[in-house]
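Tertiary structure, described
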Amino acid sequence: MASEEHTGTAEESIELPTPVSEEDDVEVTHPGTDGHDHDESEPEELDAETRARRDAALAQVRKLGDPALRATALPVERFDEELAAEVRRMGELMGDALGIGLAATQLGVLHRVLVYKAYVDDPVTALVNPQLEWASDELEAAMEGCLSLPGVHVEVERPARVRVRARDESGAELELEAEGLEARVIQHEIDHLDGTLILDRVSREQRKEAMRAMREANLEGHPQAAGDGA
Ligand SMILES: [Zn+2]
């Protein structure tokens, strides 16, 4: 998942399902509604080096249309050096991409592994085989983006607080309670492990807007971005 935080310019990650049938929806435009004035996926004040590193990282992230994003990831059974390396690589890519969360499926790896860093001063947290144990009845709506859905930002309603059980990359058991942005990122990334994208969590209208925004982002910003299946 991508966030608005560090740059102030919302480089969020969103998951758009790109089912062919939805192409028609894209034709339905909403003149003047949506904010494409503010929702560019390119933070503007990035220096050239940061931008280059981000683009290189994003090129490794699967985009809407890639079947990996619709796959259900499998539980990790071996906690070995290979897994540790995978987690390190995910953390680095997430950082370079200026994202706040990344699921293994977004790199085409069908492991139940996610990393996140909801707040700038937090360390990167890795959750392996995460299970949502509890979610609050109270819901919260907020804008989300997705590294796999360039240019897309949609408002998603989710439980405000969650409790998650998982393992870390060395196999140690973890149980954590989260709220706010952390709870949101965790849910967004667990969704990824089940092949669910943020586009699945919004209304049809919002989905249309999002598809259009993504198409525009593709045309303008990222011509050959990441061999996304578009
Ligand atoms: Zn995402």
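Throughout, residues of each chain are indexed from 1 in the direction in which the sequence is written. With pLDDT at 70 or above as the cut-off, local features in this predicted model cover only qualifying residues; side-chain atom pairs require 80 or more to be listed or tallied, and sums for whole chains, interfaces and linings still use all residues.

Runs of H or I in DSSP of at least four residues are treated as helices and runs of E of at least two as strands, each being numbered from the N terminus. Broken down by element type, the protein chain carries 5 helices and 7 strands. Taken from the N to the C terminus, the helices and strands of the protein chain come in the order α-α-α-β-β-β-β-β-β-β-α-α. Exposure is read from a count of other C-beta atoms within 10 Å of each residue's own; the residue is exposed at 12 or fewer, buried at 20 or more and partly exposed in between. C-beta atoms are placed from the backbone. Burial status across the protein chain gives 42% buried among its 230 residues.

Another point: the nonpolar core. Core analysis: the largest hydrophobic core is formed by 49 residues, its most contacted members being M90, A97, L102, L114, V115, C146 and M214. Here contacts are defined at the residue level, using C-beta atoms placed from the backbone and a cut-off of 7 Å between them. With near-sequence residues (within four places) excluded, M90 lies in contact with L102, A104, L107, V113 and V115. Core membership is restricted to buried Ala, Val, Leu, Ile, Met, Phe, Trp, Tyr and Cys residues, and these are joined into a nonpolar core through C-beta atoms within 7 Å.

What pLDDT expresses is the predictor's confidence in each residue, scored from 0 to 100. Per-chain confidence: the protein chain averages 83 in pLDDT, with 77% of residues scoring 70 or above. Of the regions scoring below 50 in pLDDT, residues 223–230 engages in 22 contacts with residues more than four places distant in sequence or in other chains.

Looking at the element boundaries, V154 is found in strand 5 (residues 154–159). Measuring from C-alpha to C-alpha, the distance between V154 and S203 comes to 9.7 Å, with 49 residues separating the pair along the chain.

Bridge analysis of strand 6 (residues 161–167) against strand 7 (residues 173–179) gives 7 bridges, and the strand direction is antiparallel. Opposite A166, over in strand 7, you have L174 as the bridge partner. We treat two strands as partners when DSSP finds at least two bridges between them. Linking two consecutive strands that pair antiparallel, namely strand 6 and strand 7, is a turn of 5 residues; a positive phi of about 100° is found at G171 within it.

Take the sheet that holds strand 3 (residues 125–135) next. Reading across from one edge, 1-2-3-6-7 is the order of the 5 strands in this open sheet, with antiparallel pairing throughout. Unpaired on one side and paired on the other, strand 1 (101–103) and strand 7 mark the two borders of the sheet. Direction aside, neighbouring strands of the sheet carry axes that sit 40° apart on average. One ladder, built from 4 bridges, connects strand 2 (residues 113–116) with strand 3; its direction is antiparallel. Looking across to strand 3, one finds that V115 is bridged to A126. Simply put, an axis is a line fit to the C-alpha atoms, just over the touching stretch for a helix, and the angle between two N-to-C directions goes from 0 to 180 degrees. Contacts from helix 3 (residues 81–96) reach strand 1, strand 2 and strand 3 within the one sheet, and its direction differs from that of strand 2 by about 40°.

What follows deals with helix 5 (residues 204–220). Given 3.6 residues per turn, any residue in an α-helix points the same way as the ones three and four places further on. For helix 5, which comprises 17 residues, the first-to-last C-alpha distance of 24 Å matches the rise-based estimate of 24 Å (1.5 Å per residue) to within 8%. The complete set of buried residues in helix 5 reads R207, K208, E209, A210, M211, R212, A213, M214 and A217. Every helix has an expected span of 1.5 Å times one less than the residues it contains.

Let us now look at unusual backbone geometry. One non-glycine residue, L98, adopts positive backbone phi at about 60°. As for its position among the elements, L98 is in the loop between helix 3 and strand 1. Phi angles above zero are rare outside glycine, and N129 is one such case at about 55°. Here N129 lies in strand 3.

For the rest of this paragraph, the subject is the environment of R112. If you trace the backbone, R112 turns up in the loop between strand 1 and strand 2. Along the primary structure R112 and N129 are separated by 17 residues, whereas in three dimensions their C-alpha atoms are 5.0 Å apart. Discounting residues that sit within four places of it in the chain, R112 has contacts with A73, L74, P75, V76, V128, N129, P130 and L193.

Let's shift gears to helix 2 (residues 48–58). Where helix 2 is concerned, the buried positions are R54, A57 and L58. Seen along its axis, helix 2 keeps its buried residues to an arc of 95°; they face one direction. Exposed residues on helix 2 whose side chains face more than 90 degrees from its buried face are A48, E49, A52 and A56. On the buried face of helix 2, the contacting elements are helix 3. Note that the arc is computed from the directions linking the helix axis to the C-beta atoms.

Before going further, it helps to spend a moment on the environment of V128. Note on placement: V128 falls in strand 3. Sequence separation between V128 and H111 is 17 residues; the distance between their C-alpha atoms is 8.3 Å. Those residues in contact with V128, other than ones at most four positions away along the chain, are V76, R112, V113, A166, R167, D168 and E169.

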